[in-house]
2 protein chains.
Amino acid sequence: MRMGEGVEWGLHCCLTLAWIGDQEPISTAKLAEHFGVPPTYLNKCLQALVRAEILRSVSGARGGFCLAKRPDELTFLDVVIAVEGPDAAFRCTEIRQNEGCSRDEKRRPCAIAGAMQEAEEAWRTALKAQTLADIMQKAPAAAAERTRRWYQEVRR
Amino acid sequence: MRMGEGVEWGLHCCLTLAWIGDQEPISTAKLAEHFGVPPTYLNKCLQALVRAEILRSVSGARGGFCLAKRPDELTFLDVVIAVEGPDAAFRCTEIRQNEGCSRDEKRRPCAIAGAMQEAEEAWRTALKAQTLADIMQKAPAAAAERTRRWYQEVRR
DNA sequence: GCCGGTATACTCGGATATATTATGTCCGAGTATATGTGG
DNA sequence: CCACATATACTCGGACATAATATATCCGAGTATACCGGC
């Protein structure tokens with residue numbers, strides 16, 4: 001089981017955009033250069049965030065992405081679902097059905113699947129409790145400062 | 001992000017073995033037939049459980065697998081780790097390092113990675129709290145009964 | 001009838017293929033800026 | 001000098017390749033049972 005890199009990239013990009021706090025968009029190229037990741041693939045991940053209405057995209061010259069939500073309204077769960085999709089990691093394929101269980105058994109949910117779903121619910125709850133605003137506070141102030149300086153250099 | 005099917009299969013196999021509660025091993029072929037899954041691949045998954053000392057395997061004719069732990073000592077987390085490996089789903093690649101952050105920043109753990117790890121810890125905690133014995137109680141008694149009847153038919 | 005030896009069928013275990021997913025690349029559509037031209 | 005038309009550079013967005021992983025298969029090593037011959 002492995003989460004795609006897009007989640008990490010997406011979260012860091014959201015944090016960067018939040019710190020800059022400007023409505024002027026930043027291009028994929030600048031962000032990719034900043035983080036040292038392949039530009040076109042980063043673009044693909046950011047597109048997923050746009051579809052989820054987490055980012056807003058602007059086409060054309062001087063285009064790019066900016067945050068579409070307030071940091072305290074944006075949770076980690078939102079980003080994870082946007083990039084990785086809404087499906088649960090564990091998917092019950094109901095192999096118990098092959099055992100020839102009775103109709104009465106079939107009506108009840110599979111106990112194993114239930115336990116797995118419960119665990120994932122705990123995971124989602126934890127992710128939902130973390131907003132981007134929380135991280136902005138936790139992270140060292142120097143990081144925010146550095147990000148803003150970088151932006152001033154590359155904005156043009 | 002997607003968990004392999006082996007986890008579901010492994011859990012159902014453990015449950016079946018626990019219900020039968022016999023020390024006589026059951027072959028992959030019988031279990032695979034029972035669940036309607038490819039036998040050789042199921043075998044591969046069960047091997048992973050053997051390596052984790054969750055199952056015990058017996059080679060040769062009349063060989064197969066049996067449970068190596070008491071059901072109340074076997075957690076869902078054990079099975080998941082055995083099949084999927086011990087690595088976390090989210091892996092921080094420290095892309096922030098590329099931003100040119102100071103030595104002081106580098107010493108602190110990445111706040112984003114921290115939040116993700118915290119969420120996974122909640123997930124693991126939930127999985128650790130679920131033992132096989134718990135599931136044996138939750139599941140309908142009819143299922144246990146049916147499993148034992150099936151075993152009496154195929155044991156020879 | 002009983003014992004020992006041999007052949008046989010069965011099973012695990014790991015090495016090897018295929019399918020699916022994630023990662024990475026490329027090119028077209030669209031937009032703001034820069035440039036040039038006429039009034 | 002100003003307004004407008006045109007050319008140009010830049011950016012997103014999705015279609016298209018490649019790499020990594022999960023799924024599925026195959027074959028060899030080993031073991032218990034069945035069979036067979038001798039006593």
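Here's what I pulled together on the structure shown here. Predicted model, so just to flag it, every value in this text is computed and none were measured. Every chain is numbered on its own, with residues counted from 1 as its sequence reads. Written order determines the labels here, with chains lettered from A and ligands numbered from 1. In keeping with the model being predicted, local features are shown solely for residues with a pLDDT of at least 70 and side-chain atom pairs are shown and tallied solely at 80 or more, while totals for entire chains, interfaces and linings include all residues. Each side-chain value is worked out from all heavy atoms of the structure, with water and hydrogens disregarded.

Considering the overall build of chain A
So, point 1. Strands are runs of DSSP state E lasting at least 2 residues, helices are runs of H or I lasting at least 4, and numbering of each runs from the N terminus. Assigned secondary structure in chain A consists of 8 helices and 2 strands.
So, point 2. Secondary structure elements of chain A occur, N-terminal to C-terminal, as α-α-α-β-β-α-α-α-α-α.
So, point 3. On the principal axes, the C-alpha backbone points of chain A span a range of 70 × 30 × 25 Å.
So, point 4. Taking contacts inside chain A between residues at least 6 apart in sequence as the whole, the part at least 24 apart equals 68%. Contact between two residues is taken to exist if any of their heavy atoms lie within 4.5 Å; hydrogens are not considered.

Observations regarding the protein's contact with DNA strand D
So, point 1. Taken together, the neighbourhood of DNA strand D is formed by 29 residues, with A:Gln47, A:Ser57, A:Gly64, B:Thr40 and B:Gly60 sitting nearest.
So, point 2. Atoms of DNA strand D within 4 Å of the protein: sugar and phosphate make up 63%, bases the balance.
So, point 3. At a separation of 3.0 Å, a phosphate oxygen of DNA strand D approaches a polar side-chain atom of B:Tyr41.
So, point 4. The set of elements that each furnish at least two residues to the surface near DNA strand D consists of helix 2 (28-35), helix 3 (39-51), strand 1 (55-58) and strand 2 (64-67) of chain A together with helix 1 (5-20) and helix 3 (39-51) of chain B.
So, point 5. If one sorts the elements of the surface near DNA strand D by residue count, helix 3 of chain A sits on top with 4 residues.
So, point 6. Three classes are used, and their members are as follows: Ala, Val, Leu, Ile, Met, Phe, Trp, Tyr, Cys and Pro are nonpolar, Asp, Glu, Lys and Arg are charged, and the others, Gly among them, are polar. Classifying every residue of the surface near DNA strand D by side-chain character gives 9 nonpolar, 12 polar and 8 charged. A molecule or strand has a residue near it when one of that residue's heavy atoms lies within 4 Å. Any N or O atom pair separated by 3.5 Å or less is treated as a polar contact, with the protein-specific requirement of one donor-capable and one acceptor-capable atom, and with residues adjacent in sequence counted only for side-chain atom pairs.

Topic: the protein's contact with DNA strand C
So, point 1. Surveying the vicinity of DNA strand C reveals 29 residues, the closest of which are A:Thr40, A:Lys44, B:Gln47, B:Ser57 and B:Gly64.
So, point 2. Between DNA strand C and the protein, one listed contact pairs a base oxygen with a backbone N or O atom of A:Ala61 at 3.2 Å.
So, point 3. Taken together, the elements giving at least two residues each to the surface near DNA strand C come down to helix 1 (5-20) and helix 3 of chain A together with helix 2 (28-35), helix 3, strand 1 (55-58) and strand 2 (64-67) of chain B.
So, point 4. A per-element tally of the surface near DNA strand C places helix 3 of chain B first, with 4 residues.

Things to note about the pairing of strand 1 of chain A
Residue and element names in this part refer to chain A.
So, point 1. In this scheme, strands are said to pair when DSSP sees at least two bridges between them. Where strand 1 meets strand 2, 4 bridges bridge the pair, whose relative direction is antiparallel. Along strand 2, the bridge assignment pairs Val58 with Gly64.
So, point 2. Hairpin connection, strand 1 to strand 2: the antiparallel pair is bridged by 5 residues, and Gly60 has positive phi, about 80°.

As for the pattern of salt bridges
So, point 1. Each reported salt bridge corresponds to a side-chain nitrogen of Lys or Arg within 4 Å of a carboxyl oxygen of Asp or Glu. Evaluation of the coordinates by the stated rule reveals 18 salt bridges over all chains.
So, point 2. We note a salt bridge from B:Arg146 to A:Glu105, for which the minimum N-O separation is 2.7 Å. Placement of B:Arg146 in helix 8 (residues 141-154) and of A:Glu105 in helix 5 (residues 103-107) is noted, with the two residues assigned to different chains. Considered together, B:Arg146 and A:Glu105 belong to a single accessibility category, that of buried residues.
So, point 3. Between B:Arg148 and B:Glu145 there is a salt bridge, with the nearest N and O atoms lying 3.8 Å from each other. Residue B:Arg148 and its partner B:Glu145 are both found in helix 8; the two are separated by 3 residues, about one turn of the helix.
So, point 4. What makes B:Arg148 partly exposed here is its relative accessible area of 37%.
So, point 5. A residue is classified by how much of its surface remains accessible, and B:Glu145, at 40% relative accessible area, is partly exposed.
So, point 6. Through salt bridges with shared partners, a single network forms among A:Glu24, A:Arg62 and A:Arg155. Using a 1.4 Å probe on the protein chains alone, a residue whose accessible area is under 20% of its type maximum counts as buried, one over 50% counts as exposed, and one in between counts as partly exposed.

What to know about helix 6 (residues 111-129) of chain B
So, point 1. For helix 6 of chain B, spanning 19 residues, the distance from its first C-alpha to its last is 27 Å, which sits close to the expected 27 Å at 1.5 Å a residue.
So, point 2. Listing the buried residues of helix 6 of chain B in full gives B:Ile112, B:Ala113, B:Ala115, B:Met116, B:Ala119, B:Glu120, B:Trp123 and B:Leu127.
So, point 3. Buried residues in helix 6 of chain B make contact with helix 1, helix 4 (76-84), helix 6 (111-129) and helix 7 (132-138) of chain A together with helix 4 (76-84) of chain B. To estimate the expected span of a helix, subtract one from its residue number and multiply by 1.5 Å.

A look at the interface of chain B and chain A
So, point 1. Contacts between chain B and chain A engage 53 residues on the former and 53 residues on the latter.
So, point 2. Linking chain B with chain A are 2 salt bridges.
So, point 3. In this structure, the connection of chain B to chain A is made through 10 residue pairs in polar contact (both at pLDDT 80 or more).
So, point 4. A per-class count over the side of chain B that touches chain A returns 31 nonpolar, 8 polar and 14 charged.

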